[in-house]
Amino acid sequence: MNIPRFSELPLREGDPPYSAWGLYGEKDELGTLNRQTDDLVLAAAKEIRSGKRISLNWPLDAQDKIPFFGRHIFHKEIIAKTPRIVNDDVWTFNTQSSSQWDGLRHFAYQKEQKFYNGVTMDDIHGPNKTNVNGIHAWTKNGIVGRGVLLDHHRWRLAHNIPAEIFKRHPIPVEHLKAVAEFQQTDIKFGDILIIRVGYMEAFRALSDEELTSLAKNIPHALIGVEQSKETLEWIWSNFSAVAGDHPSFEAYPPPSDLCLHEVLLAGWGMPIGELFDLDELAQHCEKEKRWTFFVASEPCNVPGGVARSVHFCIVIMMRLAF
């Protein structure tokens with residue numbers, strides 16, 4: 001697929017910085033998922049070697065005390081349908097309190113006050129509101145392709161590079177490229193980028209007191225990808241979606257002059273996955289010495305939804321040693 005060079009963004013005069021509005025049409029709601037063509041998915045299927053499957057779903061109730069960003073905790077009610085021996089259940093939760101994809105209604109360009117392809121808050125909340133940019137647009141084809149795990153956590157431990165998970169710690173793109181080289185992992189256009197920073201391992205080691213204290217700190221301070229033009233150019237030139245095991249993907253809080261959520265979601269329509277549980281995947285990849293796999297993610301069909309709890313089947317097909 002031929003795409004404009006990063007240096008050519010924005011595509012139209014007057015559009016927000018680095019935006020690609022109109023690239024796939026004025027009414028497009030898929031953004032960079034347009035890169036996941038039939039041919040690309042067919043090629044990604046060649047990653048299927050052994051039938052090994054690994055889910056990246058963090059439990060919905062993993063943040064059952066005080067979740068970061070003040071989001072509601074998961075609540076489950078099991079209802080006995082007496083006198084029959086039958087049960088129903090009702091779940092209430094914030095779609096972004098566990099493993100999830102940020103959708104195109106989640107984050108706008110703050111100065112311009114516009115979401116992907118120029119959608120406004122009035123389009124979402126006003127008297128003539130529609131379901132434009134809702135997550136339902138992703139349900140027809142899903143998020144499917146060749147996944148690439150960059151295990152930054154493993155790489156930095158091997159190189160004695162310190163990192164603070166619960167402090168603002170930007171990861172430069174040079175480090176991510178070094179991880180790929182360390183793993184001998186090649187990157188192909190349209191890949192789904194998945195970065196492990198070690199968040200889940202660090203989270204599980206927290207005491208209740210530490211967790212409560214961190215969750216109450218406003219703004220939160222968290223490790224993540226560095227906000228830079230170099231990072232944006234690398235992502236634009238290679239990937240159809242990005243994800244990680246940490247809460248905001250980019251280092252948080254973002255600087256005032258460059259926020260990746262603005263550009264990726266509002267500028268390009270690129271899904272951002274957060275809070276993926278990557279520890280089992282990382283162990284398997286290290287065992288097999290292979291960090292690429294086939295990913296299949298089926299969005300929830302919620303017209304006008306803002307984000308979607310992942311709780312999808314991520315299928316990791318690896319060549320097993322024998």
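- You'll find the protein chain entered in an unreviewed UniProt entry as Cyclase-domain-containing protein, with Byssochlamys spectabilis given as the organism.
- Taken verbatim from the UniProt record of the protein chain, the Sequence similarities (unreviewed entry) comment is "Belongs to the Cyclase 1 superfamily."

Overview of the packing of aromatic side chains
Okay, step 1: For the structure shown, the criterion picks out 7 aromatic pairs.
Okay, step 2: Arranged with centres 5.3 Å apart and planes meeting at 90 degrees, the rings of W101 and F276 form a pair that is edge-to-face. Of this pair, W101 sits in strand β3 (residues 100-102) while F276 sits in the loop between β9 (272-274) and α9 (279-288); the two residues are 175 residues apart in sequence, bridging distant segments of the chain.
Okay, step 3: Here a set of aromatic residues connected by ring pairs shows up, and it is made of F166, Y199 and F203.

Considering helix α4 (residues 173-183)
Okay, step 1: Within α4, burial applies to V173, L176, V179, A180 and Q183. Considered in projection along α4, the buried side chains sweep an arc of 110 degrees and stay on one side of the axis.
Okay, step 2: Along its buried surface, α4 packs onto β4 (143-151), α3 (152-158), β5 (169-171), β6 (191-196), β7 (223-225) and α7 (229-238).
Okay, step 3: Positive backbone phi, at 60 degrees, marks Q184, one or two positions downstream of α4.

Re unusual backbone geometry
Okay, step 1: Residue P83 is reached from T82 by a cis peptide bond, and omega for that bond is 10 degrees.
Okay, step 2: Looking at where P83 falls in the secondary structure, it is placed in the loop between β1 (75-80) and β2 (87-92).

Some remarks on the packing of α7 against helix α8 (residues 260-268)
Okay, step 1: Direction vectors running N to C along α7 and α8 enclose 30 degrees, while the axes themselves pass 11 Å from each other. The handedness of the crossing between α7 and α8 is right-handed. Residues T231, L232, I235 and W236 of α7 form the contact with α8, whose participating residues are L260, V263, L264 and W268.
Okay, step 2: A per-class count over the contact of α7 with α8 returns 7 nonpolar, 1 polar and no charged.

Here's the deal with the pattern of salt bridges
Okay, step 1: For the structure shown, the criterion picks out 14 salt bridges.
Okay, step 2: Here D151 ties to R196 by a salt bridge, and the two come within 3.0 Å at their closest N and O atoms. Here R196 lies in strand β6 and D151 lies in strand β4, a separation of 45 residues in the sequence.
Okay, step 3: Assessed through its relative accessible area of 1%, D151 is described here as buried.
Okay, step 4: Using a relative accessible area of 8% as the deciding quantity, one classes R196 as buried.
Okay, step 5: In this structure, a network of salt bridges that share partners links the residues D151, R196, E201, R204, D277 and D279.

The rules behind each value
Per chain, residue numbering runs from 1 following the sequence as it is written. Given that the model is predicted, a residue must reach a pLDDT of at least 70 before its local features are reported, and side-chain atom pairs must reach 80 or more before they are shown or counted; all residues, however, enter totals for whole chains, interfaces and linings. The side-chain quantities take in all heavy atoms of the structure and omit both hydrogens and water. UniProt positions are given in the numbering used here, feature names are shortened, and annotations may be inferred rather than shown by experiment. A pair of Phe, Tyr and Trp rings is counted when the ring centres sit within 6.5 Å of each other, with Trp represented by its six-membered ring. The angle between the planes then sorts it: under 30 degrees is stacked, over 60 is edge-to-face, the rest tilted. Think of it this way: any DSSP run of H or I at least four residues long counts as a helix, any run of E at least two long counts as a strand, and we number them from the N terminus. The cut-offs for exposure are 20% and 50% of the maximum accessible area for each residue type, with area from a 1.4 Å probe on protein chains only; residues under the lower value are buried, those over the upper are exposed, and the others partly exposed. The directions from the helix axis to the C-beta atoms are what the arc is built from. The criterion used for residue contact is that any of the two residues' heavy atoms lie within 4.5 Å. Only C-alpha atoms enter the line fits that serve as axes; for helices the fit covers just the stretch in contact. Angles between N-to-C directions range over 0 to 180 degrees. Helix crossings get a hand from a simple test, with the near helix turned counterclockwise from the far one by less than a right angle marking a left-handed crossing and a clockwise turn marking a right-handed one. Amino acids are sorted into nonpolar (Ala, Val, Leu, Ile, Met, Phe, Trp, Tyr, Cys and Pro), charged (Asp, Glu, Lys and Arg) and polar (every other residue, Gly among them). Here, a salt bridge means any side-chain nitrogen of Lys or Arg that lies within 4 Å of a carboxyl oxygen of Asp or Glu.

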